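# Overview (structure and organization)
Listed below, chain by chain, are the residues.
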Amino acid sequence: MNIEESRAGLEKHMLAQADSVGELLEQFRSRISPELIDGPGWDRLLRRARALPISLATSGFGFELPLHEPELRADLGVALFDGSLSAAHFEEWCRAQPDEPSTAPAFRLLRTMGREPAIQQIGGTKLMLEYDIDPGRAGPPPDPGIFLYPAADVVSSKDSVRGLEGFLAAAAAVAAAAGWTLEATERRQIERLFSAMPPDTHVGSVGAFPSRSDGLRIAVTGFRKTRDFTDFLERTDWPGRPEAVAPFLSEMEERDAFAHLAAHFDIPTQGGLGPALGVSFHARDVQWVKDVDPWMELIDGVGEHGLALRDKLSALATAWSGAEAVFGRRSMLLLVKGIHHIKLVVSDGRFTQAKAYVFVLMLPPFPAASATGR
């Protein structure tokens, strides 16, 4: 069975498990650690997720866990694949709710992915939505962030012409979906960023948060060595100090705490690069690592340097890995949990935030569902 057939079978199975993302979360509350998400943070997450169709969680979902904050909260991440059964379900849901403004940017980008040859050529079939869940926020929830993921072998420095064209096409599509036009200043910044990329790196994602109106979010990934990473930063016009991140990265490299790194930049609409920098650590080259052992050197290092709360690091290490069979609403499911990546944020010359991006996959317990198309 090919990937598309396998994904279709998985999606059909998962669409019957719940009517909303919130209902799915409620079914498996006991598998979501209260030491990481609880109290007002869980309540707010559940309220937001109840308003989202189940089609947004059929290919798995994830949480952004702030490890540096005492609040037991998480932002929610969900994904869609262009041309999939779930994408069609989501589009139908959007048309049935024209008064729901938060879906408009995602709906526009999804339609662009299916119709624009330039986006199809970069292999951008995955759309990621990130929902900010802040228990202290008043008023209606903000629109989700929208992120496009070009194929690694397309938006790469190996092919300077096609790679830059793909980068610009992805950025223009995301900007249009978010409600603005990519300006010349932003295009020039993208060109500078792309020209600074060393061999064997690629653009990992291009995104925006429409409700924040603060421009594009760009990830460049594939750095194997600290020196390659800091040399890249020096070639960009990032206003921070690359030497501020080098000692910790070098120590983690010596401890074999990561397989590769990614750099996350803000590109404001007025041009330039934003002062904050995200540094993501990936323990393996595969995306879905369900075992915690590859992460322990990094988790220990983050704790030793006081970059995150030890209670949360301990809960992350003990409660977010592995696979088990569980009872869903309609049938047995294989529930898989793991850490996708860990990101540290640099601002004012120091690490100020630590976040874990964890995933949950729910698979029907038959062999055809084991290939999820990633």
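Residues numbered from 1 in each chain as written. Predicted model: local features only at pLDDT ≥ 70, side-chain atom pairs only at ≥ 80, totals over all residues. Heavy atoms only, no water.

Counted by the stated rule, this structure contains twelve aromatic pairs. Judged by centre distance (5.7 Å) and plane angle (75°), the ring pair of Phe-147 and Phe-209 falls under edge-to-face. Residue Phe-147 is found in strand β4 (residues 145–149), and its partner Phe-209 is found in the loop between β5 (202–208) and β6 (216–223); the two are separated by 62 residues along the sequence. In this pair, the class of Phe-147 matches that of Phe-209, namely buried. Considering the side-chain rings of Phe-248 and Phe-351, the 5.5 Å spacing of their centres and the 65° angle between planes classify their relative orientation as edge-to-face. On the criterion of sequence distance, the pair formed by Phe-248 in helix α10 (residues 246–254) and Phe-351 in strand β11 (residues 350–363) is long-range, its members being 103 residues apart. Comparing Phe-248 with Phe-351, the two get one shared label, buried. In this structure, Lys-126 packs its charged tip against the face of Tyr-149, placed 4.8 Å from the ring centre. (Phe/Tyr/Trp six-rings, centres within 6.5 Å; stacked < 30°, edge-to-face > 60°. Helix = DSSP H or I, 4+ residues; strand = E, 2+ residues; numbered from the N terminus. Buried < 20%, exposed > 50% of the residue type's maximum accessible area, 1.4 Å probe, protein only. Lys NZ or Arg CZ within 6 Å of the ring centre and 35° of its normal.)

Quick look at the pairing of strand β9 (residues 322–327) now. Direction of pairing for β9 relative to strand β10 (residues 332–347): antiparallel, over a ladder of six bridges. Note that in β10 the partner of Glu-324 across the bridge is Leu-335. In sequence, β9 turns back onto β10 through a hairpin of four residues. (Pairing = 2+ DSSP bridges.)

Moving on, we come to unusual backbone geometry. Of note, Asp-256 is a non-glycine position whose phi angle comes to about 55°, a positive value. Tracing the sequence through the fold places Asp-256 in the loop between α10 and β7 (260–267). Of the residues examined, Asp-256 reaches a relative accessible area of 61% and is grouped as exposed.

Let us now look at helix α9 (residues 226–235). Here α9 has its buried residues at Thr-226, Phe-229, Thr-230, Phe-232 and Leu-233. Axial view of α9: buried residues confined to an arc of 155°, hence all on one face. Of the residues in α9, the exposed ones pointing more than 90 degrees away from the buried face are Arg-227 and Glu-234. Lining the buried residues of α9 we find α8 (184–196), β6, α10, β7 and β8 (277–282). (Arc of directions from axis to C-beta. Contact = heavy atoms within 4.5 Å.)

Bringing the side chain of Thr-226 into the picture now. For Thr-226, the position within the fold is in helix α9. For Thr-226, the side chain forms a polar contact with the main-chain oxygen of Leu-249, separated by 3.2 Å. The contact partners of Thr-226, leaving out residues within four places of it in the chain, are Ala-246, Leu-249, Ser-250, Glu-253 and Phe-258. (Polar contact = N/O pair within 3.5 Å; in protein donor to acceptor, adjacent residues only side chain to side chain.)

The subject of this paragraph is helix α11 (residues 296–304). The set of residues buried in α11 consists of Leu-298, Ile-299, Gly-301, Val-302 and Gly-303. Remark: Gly-306 follows α11 within two positions and exhibits a positive phi of approximately 65°.

In this section: the pairing of strand β3 (residues 126–131). Burial within β3 is extensive, with six of its six residues counted as buried. Neither face of β3 is exposed, since Lys-126, Met-128 and Glu-130 on one face and Leu-127, Leu-129 and Tyr-131 on the opposite face are all buried. Both strand β2 (residues 75–81) and β3 contribute to a ladder of six bridges, which runs antiparallel. Pairing of Gly-77 across the sheet is with Glu-130, part of β3. Sheet topology note: the β3/β4 ladder contains five bridges and is antiparallel. Opposite Lys-126, over in β4, you have Tyr-149 as the bridge partner.

All right, on to the packing of α10 against α11 then. Close contact between α10 and α11 brings their axes to 10 Å; oriented N to C, the two are set at 145°. Here α10 and α11 pass one another in a crossing that is right-handed. Note on element contacts: α11 touches α10 through Glu-297, Leu-298, Gly-301, Val-302 and Glu-304, opposite Phe-248, Glu-251 and Met-252. Its residues assigned to classes, the contact of α10 with α11 shows four nonpolar, one polar and three charged. (Axes fitted to C-alpha atoms, helices over the stretch in contact; angles between N-to-C directions. Left-handed = near helix turned anticlockwise from the far one by under 90°. Nonpolar A, V, L, I, M, F, W, Y, C, P; charged D, E, K, R; others polar.)

The subject of this paragraph is the packing of helix α4 (residues 85–96) against helix α5 (residues 104–115). For the pair α4 and α5, the least separation of the axes is 11 Å and the interaxial angle reads 135°. One element, α4, and the other, α5, form an angle in the oblique class. Between α4 and α5 lies a crossing of left-handed hand. Along the contact surface, α4 presents Ala-87, Phe-90, Glu-91, Cys-94 and Arg-95, while α5 presents Ala-106, Phe-107, Leu-110 and Arg-111. Among the residues forming the contact of α4 with α5, the class breakdown is six nonpolar, no polar and three charged. (Parallel < 35°, antiparallel > 145°, perpendicular 65-115°, else oblique.)

For the rest of this paragraph, the subject is the environment of Leu-216. Structurally, the position occupied by Leu-216 is in strand β6. Accessibility expressed as a relative area gives 0% for Leu-216, which makes it buried. Sequence spacing of Leu-216 and Glu-186 is 30 residues, and the spatial spacing of their C-alpha atoms is 8.8 Å. Those residues in contact with Leu-216, other than ones at most four positions away along the chain, are Ala-171, Val-174, Ala-175, Trp-180, Leu-182, Ile-190, Gly-207, Phe-265, Asp-266 and Ile-267.

Geometric values such as these leave the question of function open.
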